[in-house]
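Residues per chain are reported as follows:
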Amino acid sequence: MPVNKRSKYRGSRTCGGGTHKNRRGAGNRGGRGRGGSRDHKFVRGVVHANWTYGTCGFKHHHRTAMTGNVLDIGQIDQIIPSLLKEGTATQDGDMIVLNAADIGIEKVLGGGQVTCKMNITAEAFSQSAIQKIEAKGGHALLS
């Protein structure tokens, strides 16, 4: 009488694996790794292992966005009183003069509202930021 399964199957052709065609390669288990996770391994892949597929392909396109320091023109407009108090910005009549590099900003974006005339110098501007600055009578200058 065999003591364990290994000795029980000694001399057997398939060792309890069904037909001799089974246990051959990756085709028997439905592919290697995450192969088939979109088709026949869907439940296993999505529900149990939280696999996602087809979101980015081979390139991470979301990493091409600008990674430098950016700030909305509306946020700049809100912090103007504190910038004037610090001396980072100056007031020339009714015009506020500001160099964005002094506060660590590389690009000015167009979010928010502009309430005063501004003369801003920066490395880059979005089109909507330029339109909002010039609509109030200010200037957007590239450094």
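Residues numbered from 1 in each chain as written. Predicted model: local features only at pLDDT ≥ 70, side-chain atom pairs only at ≥ 80, totals over all residues. Heavy atoms only, no water.

### So, a nonpolar patch on the surface
Together, Phe42, Val43 and Val47 make up a nonpolar patch on the protein surface, roughly 260 Å² of accessible area in all. With respect to the element layout, Phe42 can be found in helix 2 (residues 42–48). (Patch = residues over 30% accessible without salt bridge, like charges linked within 9 Å, V, L, I, M, F, W, Y side chains within 5 Å. Areas by Shrake-Rupley, 256 points an atom, 1.4 Å probe, with all protein chains shown as cover. Salt bridge = Lys/Arg side-chain N within 4 Å of Asp/Glu carboxyl O. Helix = DSSP H or I, 4+ residues; strand = E, 2+ residues; numbered from the N terminus.)

### Some words on the sheet that holds strand 2 (residues 90–92)
What holds strands together in a sheet is hydrogen bonding between their backbones, with the strands either parallel or antiparallel. If you walk across this open sheet you meet the four strands as 2-3-5-7, and the pairing is mixed. The open sheet is flanked by strand 2 and strand 7 (139–142), the only strands paired with a single partner. Within the sheet, the average angular offset between the axes of one strand and its neighbour, ignoring direction, is 20°. Examined bridge by bridge, strand 2 and strand 3 (residues 95–99) share three bridges and lie antiparallel to one another. Within strand 3, the position partnered with Thr90 by the bridge is Val97. (Pairing = 2+ DSSP bridges. Axes fitted to C-alpha atoms, helices over the stretch in contact; angles between N-to-C directions.)

### Considering unusual backbone geometry
A positive phi angle, near 55°, is found at Cys15, a position not held by glycine. Tracing the sequence through the fold places Cys15 in the loop between helix 1 (5–8) and helix 2. Despite not being glycine, Arg23 has its phi angle at roughly 60°, a positive value. Within the secondary structure layout, Arg23 lies in the loop between helix 1 and helix 2.

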